[in-house]
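Okay, here's what each chain looks like letter by letter:
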Amino acid sequence: MSDVTRLTAAELAEKIHTRELTAEQVTQAHLDRIGAVDDFVHTFLHVDTEGALAAARAVDAELDEGRAPRSPLAGVPLALKDVLTTDGVPTTCGSRILEGWVPPYDATVTRRLREAGVVILGKTNMDEFAMGSSTENSAFGPTHNPWDHARVPGGSGGGSSASLAAFEAPLAIGTDTGGSIRQPGAVTGTVGVKPTYGGVSRYGLVAFSSSLDQAGPCARTVLDAALLHEVIGGHDPMDSTSIDAPLPPIVEAARRGASADLSGVRVGVVSEFAGEGYQAGVQRSFEAAVDVLRSLGAEVVEVSCPHFVYALPAYYLINPSECSSNLARFDAMRYGLRVGESGDSSAEDVMRATREAGFGAEVKRRIMLGTFALSSGYYDAYYGQAQKVRTLVTRDFDAAFDKADVLVSPTTPTTAFKIGERVDDPMAMYRADLCTVPANLAGNAAISVPSGLSDEDGLPVGLQVMAPALADDRLYRVGAAYEVARDRASGGSLVYRVPELRESGA
Amino acid sequence: MTTMVETMDYDEVVERFDPVLGLEVHVELSTATKMFCGCATTFGAEPNTQVCPTCLGLPGSLPVMNGAAVESAIRIGLALNCQIAPWCRFARKNYFYPDMPKNFQTSQYDEPIAFDGWMDLELPDGETVRVGIERAHMEEDTGKSLHVGGATGRIHGASHSLLDYNRAGVPLIEIVTKPIEGVGARAPEVARAYVTALRDLLRALDVSDVRMDQGSLRCDANVSLRERGVSEFGTRTETKNVNSLRSVERAVRYEMTRQAAVLAGGGEVVQETRHFHEADGSTSPGRVKETAEDYRYFPEPDLVPIAPSEEWIERLRGTLPEKPAERRKRIQQDWQLSDLELRDLLNAGAVEVIASTVDAGATPDEARSWWVSYLAQQANTRGVELAELPISPAQVARVIALVNSGELTNSLAKQVVDGVLAGEGDPDDVVAARGLAVVSDDSALNAAVDEALAAQPDVADKIRGGKVQAAGAIVGAVMKATNNQADAKRVRELILERCS
């Protein structure tokens, strides 16, 4: 394995900007790594070799001319979740129904990455339309967890997180509707951030559940995530729900956190996130992490968020409801898959046949659930009630943040489960989102940072840190402080303990 | 295809039944851009040239509200004496149709921007009727389907359909009346008067082209009957897209006579949507839906709520035009009209178009003479209202200005108006395309005069002998030779110069 692919984004940027390495060399090294291991892990749906090399050369040309780097990450490669549109590059959302669709426009996130000189290597695998917690719902086959080939990398953004753990990319973009950045981060031993809702533009993010979806950074270190967050974040007039305020100073917070001093920081442990359904090793890892925070000077308090137990059921009414409407546009009339066309078929026949053939089982399940939940006569009992729960969850957060600056919990109740283990048990699959969903419902910010390996199965565990809306900087301060202390204690970054991957032809 | 349907004599209908009306009017706003994106809204552009990811509903695209459309909605609400919601949202109306790119329409549902208002209408005999306004809400238009290969132009029986998304996302305001009761035999007339008054109001607000022929004003008429003396409403039908003022009146009248026959025969009126047939004034059932449509409305999560401040609302209130009644009083004074003259102009639907023509620079007399004579004839021939003629007051004012500046003669001006009516563009376009400018080049005219004098030497001699009135024949010949494009007065002067 090339050493270049083991470097962090911050290190790569420094070497590129000081011309120790060219962006093209860095990009080529990652493309080579993808070529070697992606048959094994299957994190990419599309690798844009030519586009990536061209973007890297453009950065090199500018730097060779003596111009200042376009951004702190100029020249650094990145893996983009296949749910964000890319002008001229296929975007499938992991679905057959969009197979072959080439968007005519860039998502705002995509555009900002390009403008910052970040090199987009390709599009990563995901659960179809981001619905799932294992990436097994991709129409194009599952992604394998680099820690254990037989296990899932989490989901829906399993491709993005696994590409980091497989050293195919130093940076990735995910989207988090109920945990799709954080939970894959936790089970692959990488960092994932769900920014405050409205903190990163959703323009060009193919909507699953509009009021919950949020794009965010994935990386191997907290600092790298912060650098990426600053590139993609901030107000966008194309997204009405985008927050019209400056981003909090997140990179500064990550650097400050690296001093590993958390004195004066109040950390709240959410008492509802423990007990039945929590793997013992995960629980022990979490408790050890809390001890580390305490040792860094943080004041640890217990907080109760009594309505969090209703968050998951409410989430599984709101997301299918919005999904049933958002996915109505996939009807074969204008783009994507079209089947069932014959001489006498009506438009409705073609719509029906295409949706039958183009959507997978989980997507259909959610469309049906949501259609039911929004139906007249049921709306108040389901969608209406779920919205009330959402308000109560938000109030729980407000009360908790009166007592604590950040809240902590395990990111997900278990380590990575085996491929196939939960596919026939949707409720078990949905429980993977138990701890992550409240932050989506309330719209506040949360991060998952690796907290070591579970002592019973040797698989990665994540520590979730949650902050109030607009206080994303707190995640980075606490996350970076914890990361430094943990790396110090374990003799280096956890992610380097990923086993060697089987390479193609090897 | 219309089958014979029994109807009841109208006098009998109103003797036995009491009609209840509900009118839903959709108005396309004349904002420069669409409701939720920056695409242009020009009518008649090449299909699918005014589109973008958002109005095509491409995956990932998002709506952004058009502030000008919200202002128009508030102004309409204020002009209709409505309350303006201090906080309201858009909702998604979910149903599948190929001309709707997202398969949901972004609309307002239980939180309209304006509600609970009224409008006073004056009927042709001077009686005033107050119509309650239930609500006015914002929504986006759909694309347009052209169904090819069928007999009716409807989707049923068509071999394929063509879709134009230029209209998709154009801002619409839907204005819904409260039930209009107690107008009895005058119901059809009231329906027409309401749509007319609404159109005039919207035109005065300058928020829409209000062209029923182009679909920028569309009316759906709900009609039900109940036995006289009964208070519960009967079952209603909704006749869709009635696209002229006259049709509104005819559709209501027809539905009354049809429903009365059904009820009198012991039958039940089916709650359904119906289509209006211009040719014979009848209505026929739309496609029968097997199940009631469930639109699964929910608040649009991609948009933020609208919370107009008091200050903003009051500023917009300050931009409202005069109230129609006050406006009429002022017009009567300014134009020095008798009550009878004003009533005639009102009944001819001429007041607002004349006023707009005056606003565009013509004098009241000039504007009146065009609208009550030549244009009235054209409207009559076409069977439409003056305001429905495909010529705008501004275009008429331009023709008048061209006459006043000597660039057109009266007879050329009529040809220019014909050109505008035929869809050849603005007056200046017609003048250029048809080559209708007055021939004012004296050398060209002198040549024509010389030719005419040479062709009629006896007349020429009479003129030279002092019989000036004989010049008329030569003038006529010159006008004919110049295709009526010469100024007759100037021709006469030239003839007399030549013969002096």
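Figured I'd write up the structure that's included with this text. Just so it is clear, the model here is predicted, and its values are computed rather than measured. (Residues numbered from 1 in each chain as written. Chains lettered and ligands numbered in written order. Predicted model: local features only at pLDDT ≥ 70, side-chain atom pairs only at ≥ 80, totals over all residues. Heavy atoms only, no water.)

Quick word on the pairing of strand β4 (residues 171-175) of chain A
Residues and elements named next belong to chain A.
And step 1. Of all five residues that make up β4, five are buried, and the element is covered over most of its length.
And step 2. What you see with β4 is no split at all: Leu-171, Ile-173 and Thr-175 on one side and Ala-172 and Gly-174 on the other are buried throughout.
And step 3. Of the strand pairs in this sheet, strand β2 (residues 77-81) and β4 are connected by two bridges, and their pairing is parallel. The residue of β4 that forms the bridge with Ala-79 is Ala-172.
And step 4. As paired strands, β4 and strand β6 (residues 215-219) are joined by five bridges and run antiparallel to one another. The residue of β6 that forms the bridge with Thr-175 is Ala-215. (Buried < 20%, exposed > 50% of the residue type's maximum accessible area, 1.4 Å probe, protein only. Helix = DSSP H or I, 4+ residues; strand = E, 2+ residues; numbered from the N terminus. Pairing = 2+ DSSP bridges.)

Points about the interface of chain A and chain B
And step 1. Counting from both sides, the interface comprises 40 residues of chain A and, opposite them, 33 residues of chain B.
And step 2. In total, about 2700 Å² of surface goes out of reach between chain A and chain B, with carbon and sulfur atoms giving 58% of it.
And step 3. Looking at the side of chain A facing chain B, the largest losses of area belong to Ser-240, Arg-329 and Arg-334 of chain A, adding up to 23% of the total buried there.
And step 4. In this structure, the connection of chain A to chain B is made through one salt bridge.
And step 5. Between Arg-202 of chain A and Asp-302 of chain B there is a salt bridge; the shortest N-O distance is 3.0 Å.
And step 6. Applying the counting rule to chain A against chain B returns 17 residue pairs in polar contact (both at pLDDT 80 or more). (Contact = heavy atoms within 4.5 Å. Buried area = accessible area lost by both parts, 1.4 Å probe. Salt bridge = Lys/Arg side-chain N within 4 Å of Asp/Glu carboxyl O. Polar contact = N/O pair within 3.5 Å; in protein donor to acceptor, adjacent residues only side chain to side chain.)

Examining the nonpolar core
And step 1. Leu-113, Phe-129 and Tyr-476 of chain A are the most contacted members of the largest nonpolar core, which totals 140 residues.
And step 2. The residues contacting Leu-113 of chain A, other than those within four sequence positions of it, are Leu-78, Leu-80, Val-118, Ile-120, Ile-173, Leu-228, Val-231 and Ile-232 of chain A.
And step 3. By size, the runner-up hydrophobic cluster in this structure holds 71 residues, among which are Met-8, Ala-136, Val-183 and Ile-306 of chain B. (Core = buried A, V, L, I, M, F, W, Y, C linked by side-chain atoms within 4.5 Å.)

Some points on the pattern of salt bridges
And step 1. This model, assessed by the stated rule, comprises 66 salt bridges over all chains.
And step 2. Measuring nitrogen to oxygen at the nearest pair gives 3.6 Å for the salt bridge that ties Glu-12 of chain B to Arg-16 of chain B. Of the two residues, Glu-12 of chain B and Arg-16 of chain B both sit in helix α1 (residues 10-16), four residues apart, roughly one turn of that helix.
And step 3. A relative accessible area of 33% means that Arg-16 of chain B is categorised as partly exposed.
And step 4. In this structure, Arg-274 of chain B engages Glu-255 of chain B in a salt bridge whose closest nitrogen and oxygen atoms are separated by 3.1 Å. Of this pair, Arg-274 of chain B sits in strand β12 (residues 273-277) while Glu-255 of chain B sits in helix α4 (residues 245-264), placing them 19 residues apart in sequence. In this structure, Arg-274 of chain B and Glu-255 of chain B share a single accessibility class: buried.
And step 5. Among the charged side chains, a network of salt bridges with common partners joins Arg-202 and Asp-239 of chain A together with Arg-92, Glu-300 and Asp-302 of chain B.

Re a nonpolar patch on the surface
And step 1. On the surface, a nonpolar cluster with roughly 270 Å² of combined accessible area is contributed by Phe-372, Tyr-378 and Tyr-382 of chain A.
And step 2. By the element assignment, Tyr-378 of chain A lies in the loop between α12 (361-374) and α13 (380-403). (Patch = residues over 30% accessible without salt bridge, like charges linked within 9 Å, V, L, I, M, F, W, Y side chains within 5 Å. Areas by Shrake-Rupley, 256 points an atom, 1.4 Å probe, with all protein chains shown as cover.)

A closer look at unusual backbone geometry
Residue and element names in this part refer to chain A.
And step 1. The residue after Gly-155, namely Ser-156, is reached through a cis peptide bond having omega 10°.
And step 2. Secondary-structure assignment places Ser-156 in the loop between β3 (119-124) and α5 (158-165).
And step 3. The phi angle at Arg-19 is positive, at roughly 65°, despite the residue not being glycine.
And step 4. The topology assignment puts Arg-19 in the loop between α1 (9-17) and α2 (23-41).
And step 5. Backbone geometry places Leu-470, a non-glycine residue, at a positive phi of 75°.
And step 6. Structurally, the position occupied by Leu-470 is in the loop between β11 (460-467) and α16 (472-490).

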